Amino acid sequence: MNTTDIIQKIEDTLHTRIQEVEIKSTHRVSIWIDTEALLKAARVLLFELEFRFIIASAYQTKEGFEILYHFSFDPIGLIINVKVLLPEKKPEIESLCPILTAANWIEREMHELYGIFFINHPNLEKLISDGNWASGVYPYRRDHLTTESDI
Amino acid sequence: MGIKSHSFKKSLWLFHFGGASCNNCDIEILDCLTPRYDVERFGMKLVGSIRHADVLLVNGSINRKDKERLLEVYHQAPKPVLVVAIGACGCTGGIFAEGNTFAGPVDQIIPVDAYIPGCPPKPEAIIAGIVKLVNK
Amino acid sequence: MSKTIIPIGPYHPLQEEPELFKLYCEGEIVKDVQWVTGYNHRGIEKLSESKTFDQVFFLVERICGICSTSHPFAFANAMEEIISIEIPDRAKYIRSIIGELERLHSHLLWVGLAGHFLGYNTVFMWAWKYREPVLDLFEMITGNRNSYAMFKIGGVRRDIENAKIPAIRKVLDMVRKKTDLLTGAVMDDPVIHARTKGVGILTKEDIREYGALGPTARASGVAIDVRKDDPYAAYPLVKWKVITATEGDVFAKAEVRLLEMYESISIIQQCLDGLLRAKEGEIEIQVREIPMGIGNGHAEAPRGEVFHFVKTDGSQYPVRHKIRAPSYMNIATFKKSCVGQTISDATIALAAVDPCYCCTERMAYAYDYKSGEKILDGNELLRLGQQKTDAMRKQLKRKP
């Protein structure tokens, strides 16, 4: 399968849930989808197209919290970045854990660092913050200033 | 020279505490045991428990979680114990000193007797540092 | 039915961390694995935002000592994607040489540690002794044994002069002979077969589910290797093959790593030939400005795919820098590879994944349990593993 076929398949599955598609090259594509369509997109990528989940990265912008899910199609070296945008006041999204164990730790980490909540995550507990900073403190947020009182 | 300081001169038993490090220094310390540097011929060996140790080797930048454990380890060590801070991270925190979980270089947590700078310090430097310390 | 909990000792048996994992055990069999991390968290991603792009290379090198080159490699790939440049051939060869030399020293390190966990201390000493010439090579080429500072955006910082090439080839020949020695010692020894075959098995489905990478995945028949899938640097310019095995057990992982060393040596030899063809001194492209954009850079570290995601906005600093080391995905597979094993097989099953805690975060265990006491600590677990080897040796009537 080549990149064009893959993008076509994704567009056919998600229709209007896609906000924007950016094709940087045959190896690098970014797709911005509606937050609610995440599980559907993940299912088509992981199970129908046989992509591999690389990792997810979160980032806070003026518009809210952006999460990029990076997927790789190894036979042709294609990486697709699936972007969702969460509102700043209530950053919530469906967890990928029910369909993919590999997402477990990274969602916990994003929760600790940014305060994003993952619905249906089996154990959204502390991964790296225990002893390093207090609950409720999200060190990677823009408005956070590190102080001693973080403990 | 009392018996303690006399026996300190030979066969030092080392205990290694690794903080939040990149493992470079840890590997160089382990390298000291390998055939090329072979500190075992001096009777120095790495022990598994702080209670058997004469020298506490600390490396890595200490993050908040490690700080408590380092203090605990230091208090458990039978005195006298020599503390050696290894590597740039052990001495000053190195490149990670500005990180959001940094809890102070080693000498602000426990008293340090010797510093071995380097990133990582070569095994020769580590051995030289410990020997210098013992001769002091 | 009470479960006893056994904490497993540190990865390096001589490090302080007294607990990495706690295994819930019933009798001799491991039922569950729990862990907690955070001891190694240094806030690198945030630190990166305060460094200029040149400075970030020094930072990411120190994420991990053993895969020290793979992080700058992936970061450089990401940045060069944002700028859309192609570096000169000589720089590509140099990058690949450094990357493969690192793979050699990392696999030798692993062989030594695996030997130690099994009780073969001679293997440990030999493997680390033969690692030294590789580190000497690094010192000759780059100036340091462990953190090389060779990479920059647009190329490499230092050239490998053609005059040094014969010395490099000499060391490679020696390493090749010693790899023959180690491979023979490991692959033909019936005690090692007995200890590692069928232990810590991961199936293809497990690999997919956990997103496992590197030799861990290749040993289960999943042929993913960034150098082949999304080629970078000099890998498309030289001939080499991806090594896989099918059983997915500890033996298969050892086999993959040992055979990969031969491929690495072959790649380096071909890259040295390439250096002789390329013009000496042409090692970089001047980069003045970094445009706005995103870059997905990945590289094949000794443990699997290292992935760096960088977002830039035209300024001197990265706006977001996400780093994902292979051990982050591989370590989660412990749940599958350890559960169902006996306690004495636990250390080798854990070590087979070649976890790099500094890349991921050091592991330790902490939780409340209602019943059960600590019955074995890390050193004792290690000893158990070694005792089992002794027992098997006697059984098979082999000399140590």
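Residues numbered from 1 in each chain as written. Chains lettered and ligands numbered in written order. Predicted model: local features only at pLDDT ≥ 70, side-chain atom pairs only at ≥ 80, totals over all residues.

## Things to note about the overall build of chain C
Formally: For helices the rule is a DSSP run of H or I covering at least 4 residues; for strands it is a run of E covering at least 2, with both sets numbered from the N terminus onward. Here the C-beta atoms are placed from the backbone, and a residue counts as buried if at least 20 other C-beta atoms lie within 10 Å of its own, exposed if 12 or fewer do, and partly exposed otherwise. We call two residues in contact when the distance between their C-beta atoms, placed using the backbone, is within 7 Å.
Each helix and strand counted, chain C has 16 helices and ten strands in total. Put simply, chain C has 400 residues, and 60% of those count as buried. For chain C, contacts bridging at least 24 residues in sequence account for 75% of all contacts bridging at least 6.

## Here we look at the overall build of chain B
Going by this rule: Between the two quantities, the radius of gyration covers C-alpha atoms and the globule rule is 2.2 Å times the number of residues to the power 0.38.
Counting secondary structure elements, chain B contains five helices and five strands. Written out in order from the N terminus, the α and β elements of chain B read α-β-α-β-β-α-β-α-β-α. A compact globule built from 136 residues should have a C-alpha radius of gyration of about 14 Å, and chain B, at 14 Å, falls within 12% of that. With respect to the three principal axes, the spread of C-alpha positions in chain B is 45 × 30 × 25 Å. A burial count over chain B gives 55% of its 136 residues as buried. Long-range contacts, defined as pairs at least 24 residues apart, comprise 82% of the intrachain contacts of chain B with a sequence gap of at least 6.

## Let's talk about the interface of chain C and chain B
Just so we agree on the cut-off: Note that Gly is not counted as nonpolar here; it falls among the polar residues with everything else outside the nonpolar set of Ala, Val, Leu, Ile, Met, Phe, Trp, Tyr, Cys and Pro and the charged set of Asp, Glu, Lys and Arg.
Of the residues lining the interface, 29 residues belong to chain C; the matching set on chain B comes to 31 residues. Mapped onto the side of chain C that touches chain B, the elements with two or more residues apiece are helix H1 (44–48), helix H2 (53–61) and helix H5 (121–142) of chain C. Residue contributions to the side of chain C that touches chain B peak at four residues, all from H5 of chain C. Taken together, the residues of the side of chain C that touches chain B break down into eleven nonpolar, eleven polar and seven charged.

## Examining the sheet that holds strand E5 (residues 114–116) of chain B
Pairing between sheet strands relies on hydrogen bonds along the backbone, with the strands arranged either parallel or antiparallel. Residue and element names in this part refer to chain B. To be explicit about the condition: Here, a strand pair is defined by DSSP locating no fewer than two bridges between the strands.
Taken together, five strands build an open sheet; the order of strands is E2-E1-E3-E4-E5 and the sheet is parallel. Edge strands, defined here as strands with exactly one partner in the open sheet, are strand E2 (45–46) and E5. Judged from the two bridges that link them, strand E1 (residues 13–18) and E2 form a sheet pairing that is parallel. Considered in E2, the bridge of Trp 13 is made with Lys 45.

## Observations regarding the sheet that holds strand E1 (residues 18–23) of chain A
Residues and elements named next belong to chain A. Quick reminder of the rule: Under this scheme, a helix contributes an axis fitted over its contacting stretch, all axes are lines through C-alpha atoms, and angles between N-to-C directions fall in the 0 to 180 degree range.
In space, the five strands of this open sheet follow the order E1-E2-E5-E4-E3, with mixed pairing throughout. With one partner strand each, in any of the chains shown, E1 and strand E3 (52–61) form the two edges of the open sheet. Taking the axes of each pair of neighbouring strands and ignoring which way they run, one obtains an average angle of 20 degrees across the sheet. The pairing of strand E2 (residues 28–33) with strand E5 (residues 78–86) spans five bridges and is parallel. Paired with Ile 31 across the bridge in E5 is Val 82.

## A short note on the domain arrangement of chain C
All names here are of chain C. Going by this rule: Domain borders in the structure are assigned automatically or taken from a domain database.
Segmenting chain C into domains produces domain 1 (4–40 + 329–396) and domain 2 (44–327). Facing the 32 residues of domain 1 at the interface are 35 residues of domain 2. Where the side of domain 1 that touches domain 2 is concerned, the elements lending two or more residues are helix H12 (326–330), helix H13 (334–338), helix H14 (343–352), helix H15 (357–360) and helix H16 (378–396). Ranked by residues supplied to the side of domain 1 that touches domain 2, first place goes to H16 with nine residues. Considering only residue class, the side of domain 1 that touches domain 2 consists of 17 nonpolar, nine polar and six charged.

## Description of the packing of H5 of chain C against helix H6 (residues 165–187) of chain C
Residue and element names in this part refer to chain C. Basically, it comes down to this: The labels follow the angle: roughly parallel below 35 degrees, roughly antiparallel above 145, roughly perpendicular from 65 to 115, and oblique for the rest. Should the near helix be turned counterclockwise from the far one by less than a right angle, the crossing is left-handed, whereas a clockwise turn marks it as right-handed.
One way to put it is that H5 packs onto H6 with a least axis distance of 11 Å and a crossing angle of 165 degrees. Judged by the angle between their axes, H5 and H6 are roughly antiparallel. Between H5 and H6 lies a crossing whose hand is left-handed. Of the residues in H6, those in contact with Val 123, Trp 126, Ala 127, Tyr 130, Pro 133, Val 134, Leu 137 and Met 140 of H5 are Ala 167, Ile 168, Val 171, Met 174, Val 175, Lys 178, Leu 182 and Ala 185. Its residues assigned to classes, the contact of H5 with H6 shows 15 nonpolar, no polar and one charged.

## So, the pairing of E5 of chain A
Residues and elements named next belong to chain A. Counting buried residues in E5 gives seven out of nine residues, a clear majority hidden from the surface. Across nine bridges, the pairing between strand E4 (residues 64–73) and E5 is antiparallel. The residue bridging Glu 66 from the neighbouring strand is Leu 85, located in E5.

## Focus: the confidence of the model for chain B
Spelled out, the test is: Each residue carries a pLDDT score, the predictor's confidence in it, ranging from 0 to 100.
Counting all residues, the mean pLDDT for chain B is 81, and 93% of those residues have values of 70 or more. Confidence, expressed as mean pLDDT per element, reaches its minimum in chain B at helix H1 (residues 3–7) of chain B with 59 and its maximum at E5 of chain B with 90.

## A short note on the packing of helix H1 (residues 3–14) of chain A against helix H2 (residues 38–48) of chain A
All names here are of chain A. With their axes 10 Å apart at the nearest point, H1 and H2 run at an angle of 145 degrees to one another. H2 is crossed by H1, and the crossing has right-handed handedness. Residues Ile 10, Thr 13 and Leu 14 of H1 form the contact with H2, whose own contacting residues are Lys 40, Ala 41 and Val 44. Looking at the contact of H1 with H2, its residues break down into four nonpolar, one polar and one charged.

## Re the confidence of the model for chain C
Residues and elements named next belong to chain C. Scored by pLDDT, chain C comes out at a mean of 81, with 84% of its residues at no less than 70. Long-range and interchain partners of residues 360–377, a stretch whose pLDDT sits below 50, account for 50 contacts in this model, where long-range means more than four residues apart. Across the predicted assembly, pTM comes out at 0.88 and ipTM at 0.89.

## Thoughts on the environment of Tyr 235 of chain C
All names here are of chain C. Within the secondary structure layout, Tyr 235 lies in the loop between helix H10 (226–229) and helix H11 (250–277). A count of 21 C-beta atoms within 10 Å places Tyr 235 in the buried class. Taking the C-alpha atoms as reference, Tyr 235 lies 7.1 Å from Ser 96; in sequence the two are 139 residues apart.

## Topic: H1 of chain A
What counts here: A helix is expected to span 1.5 Å for every residue after the first.
Compared with the 16 Å implied by 1.5 Å per residue over twelve residues, the 17 Å span of H1 of chain A between its first and last C-alpha is a close match. Downstream of H1 of chain A by a residue or two, His 15 of chain A has a phi angle that is positive, lying close to 45 degrees.

## Description of the environment of Trp 126 of chain C
Residue and element names in this part refer to chain C. Among the secondary structure elements, Trp 126 is positioned in helix H5. Judged by local crowding, Trp 126 falls into the buried class, with 21 C-beta atoms found within 10 Å. Sequence separation between Trp 126 and Leu 108 is 18 residues; the distance between their C-alpha atoms is 9.3 Å.

## Comments concerning unusual backbone geometry
The omega torsion of the bond from Lys 79 of chain B to Pro 80 of chain B falls at 5 degrees, within 30 degrees of zero and hence cis. The topology assignment puts Pro 80 of chain B in the loop between helix H3 (64–76) and strand E4 (82–86). Between Cys 119 of chain B and Pro 120 of chain B the backbone carries a cis peptide bond, its omega angle lying at -5 degrees. A positive phi angle, close to 60 degrees, is found at Glu 50 of chain A, a residue other than glycine. When you line up the elements, Glu 50 of chain A lands in the loop between H2 and E3. For Ala 233 of chain C, which is not glycine, the phi dihedral falls at a positive 50 degrees. Structurally, the position occupied by Ala 233 of chain C is in the loop between H10 and H11.

## Remarks on helix H3 (residues 70–83) of chain C
Residue and element names in this part refer to chain C. Here H3 contains 14 residues, and its C-alpha end-to-end distance of 20 Å stays within 8% of the 20 Å for a straight helix at 1.5 Å per residue. Counting buried residues in H3 gives 13 out of 14 residues, a clear majority hidden from the surface. Count one or two residues on from H3 and you reach Ser 84, which has phi positive near 60 degrees.

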